[in-house]
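# Descriptive analysis of the structure
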Amino acid sequence: MAPPRPQALFIPLAHLLILGIVNPLTEAKVPAVIVFGDSSVDSGNNNMIATVLKSNFEPYGRDFYGARPTGRFSNGRVPPDFISEAFGIKASVPAYLDPAYNISDFSTGVCFASAGTGYDNTTSHVLNVIPLWKELEYYKEYQVKLRQYLGNDQANYVLSEALYIVSLGTNDFLENYYLIPVGGRGGQFSLKQYKDFLVGLASNFIQEIHALGARKISLTGLPPMGCLPLERTANFFRGPGSCNEEYNTAARDFNGKLRIAVGKLNKQLQGLKVVFSDPYDLFLQIITKPSSFGFEVAERACCATGLYEMSYLCNEHSPFTCTDASKFVFWDSFHPTERTNMILSDALLKSILLPAFA
Ligand SMILES: *[C@@H]1O[C@H](CO)[C@@H](O)[C@H](O)[C@H]1NC(C)=O
Ligand SMILES: *[C@@H]1O[C@H](CO)[C@@H](O)[C@H](O)[C@H]1NC(C)=O
């Protein structure tokens, strides 16, 4: 009689090991981080689509693991990476469209975000990026793959216990409403109407992912978007280099409306816990008092001249790019450095996310 083949013993053992690694029942309360949104959280989906809004080249990612440009719009990690790590999962959340990853990686975290997108469908058309409804289609496809990979029970566990991060809205104002006043949303809606329209879309989106099984959600508010270096540069009518207070006011008002919507959703939807993660006040403190946070420069970005460059204009050929990004609040003219992302994420984790979900 032939002895049992070693492979026959090895395969079930490997199976058990794999299940042990991914078994959420024996792990942290949050088994996965699932991300929807724009460049504030995109970890590389735009690399795979036909848009000019990309960042998968140097010097992007120069402080990331392996000094790798991944498609994150920063020199290093973005908030979902820090949040995933703080929940004891993994140190970075892979992009769904990145061919280097598969469902085994995505079972503990996946990002559907696309730089340049917004709540409003027409915002995604401006730079030909992934609209939010399409991010949701990818999420549905992910659910099918996850059920095939983990089985129904375990997949349902992951989907209902995962932390969902939803972070977008800046582009609806800056790339759409204010940028295209004629023929675009700026001509169709008053500012108040547009804010209410977007808050309605955000509420609908939360309802849709709740209906698909999401139970733990962090909805992110807008930053002080009038102080992004690009907006300061464009603000020359009101005084070169000053923050655009009109944009900051719009962000604060919008955040106030989102906060109210979050309160309503918690009452309406069964089993849902959604928190409002508002980065505005701390971000504005960092910008107005950078030295209290160990920064040296807040009004212009590290990459290139720091006044207007992002995406392809922030590239390895600029002689002006700073050498130490950790002294800068902004990496490119529209996006924070890794260090700013870390400070904002830590604060949200301590004050809101860990108390609510850990
Ligand atoms: C995922 O990729 C890893 C490494 O490339 C591979 O070992 C594994 O078999 C893949 N898993 C699935 C489910 O495709
Ligand atoms: C956005 O586009 C999708 C797909 O075409 C559509 O289902 C959805 O109703 C649109 N949303 C709005 C608010 O127009």
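Everything below is about the structure printed above this text.
Residues numbered from 1 in each chain as written. Chains lettered and ligands numbered in written order. Predicted model: local features only at pLDDT ≥ 70, side-chain atom pairs only at ≥ 80, totals over all residues. Heavy atoms only, no water.

This part covers the site of ligand 2. Neighbouring ligand 2 are Asn 121, Trp 133 and Leu 201. A distance of 2.3 Å separates an oxygen atom of ligand 2 from a polar atom in the side chain of Asn 121. Bound to the protein, ligand 2 loses 36% of the 360 Å² it would expose on its own. (Near = heavy atom within 4 Å. Polar contact = N/O pair within 3.5 Å; in protein donor to acceptor, adjacent residues only side chain to side chain. Areas by Shrake-Rupley, 256 points an atom, 1.4 Å probe, with all protein chains shown as cover.)

As a further point, take the state of the cysteines. The term disulfide refers to a covalent linkage connecting the sulfur atoms of a pair of cysteines. Here the structure, examined in full by the defined rule, presents 3 disulfides. Shown here is the disulfide that connects Cys 227 with Cys 243, its sulfur atoms set 2.2 Å apart. With the S-S bond torsion at 115°, the cross-link from Cys 227 to Cys 243 turns out right-handed. Of this pair, Cys 227 sits in the loop between strand 4 (216-220) and helix 10 (229-233) while Cys 243 is found in the loop between helix 10 and helix 11 (245-268), placing the two residues 16 residues apart along the sequence. The partner cysteine of Cys 303 in its disulfide is Cys 314, sulfur to sulfur 2.1 Å. Disulfide Cys 303-Cys 314: the torsion about the S-S bond is 100°, which places it as right-handed. Of this pair, Cys 303 sits in the loop between helix 12 (280-288) and strand 6 (330-332) while Cys 314 sits in the loop between helix 12 and strand 6, and the two are 11 residues apart along the sequence. When the cysteines engaged in disulfides are numbered in sequence order, the protein pairs them as 1-2, 3-6, 4-5. With no disulfide of its own, Cys 111 lies 19 Å from the sulfur of Cys 314, the closest cysteine sulfur. (Disulfide = S-S within 2.5 Å. Helix = DSSP H or I, 4+ residues; strand = E, 2+ residues; numbered from the N terminus.)

Overall, parallel pairing links the 5 strands, which are arranged 2-1-3-4-5 in an open sheet. Because the sheet does not close on itself, it has two edges, and the strands there are strand 2 (109-111) and strand 5 (273-277). Direction aside, the axes of adjacent strands within the sheet are offset by 15° on average. Sheet topology places strand 4 next to strand 5; 5 bridges connect them, and they run parallel. (Pairing = 2+ DSSP bridges. Axes fitted to C-alpha atoms, helices over the stretch in contact; angles between N-to-C directions.)

Once that is clear, we can look at the packing of aromatic side chains. Counting across every chain of the model gives 26 aromatic pairs. For the ring pair Phe 112 and Tyr 139, a centre distance of 6.0 Å and an interplane angle of 85° mean the geometry is edge-to-face. Here Phe 112, found in the loop between strand 2 and helix 4 (121-126), pairs with Tyr 139, found in helix 5 (residues 132-150); they are 27 residues apart in sequence, far enough to count as distant. By the burial criterion, Phe 112 is buried, and Tyr 139 matches it. Taking the centre distance of 6.5 Å and the plane angle of 35° together, the rings of Phe 173 and Tyr 178 count as tilted. With respect to burial, Phe 173 and Tyr 178 carry one shared label: buried. One aromatic cluster is present, formed by Phe 36, Tyr 96, Phe 106, Phe 112, Tyr 138, Tyr 139, Tyr 142, Tyr 164 and Phe 205 through successive ring pairs. The side chain of Arg 339 reaches across the aromatic face of Phe 295, ending 4.4 Å from its centre. (Phe/Tyr/Trp six-rings, centres within 6.5 Å; stacked < 30°, edge-to-face > 60°. Buried < 20%, exposed > 50% of the residue type's maximum accessible area, 1.4 Å probe, protein only. Lys NZ or Arg CZ within 6 Å of the ring centre and 35° of its normal.)

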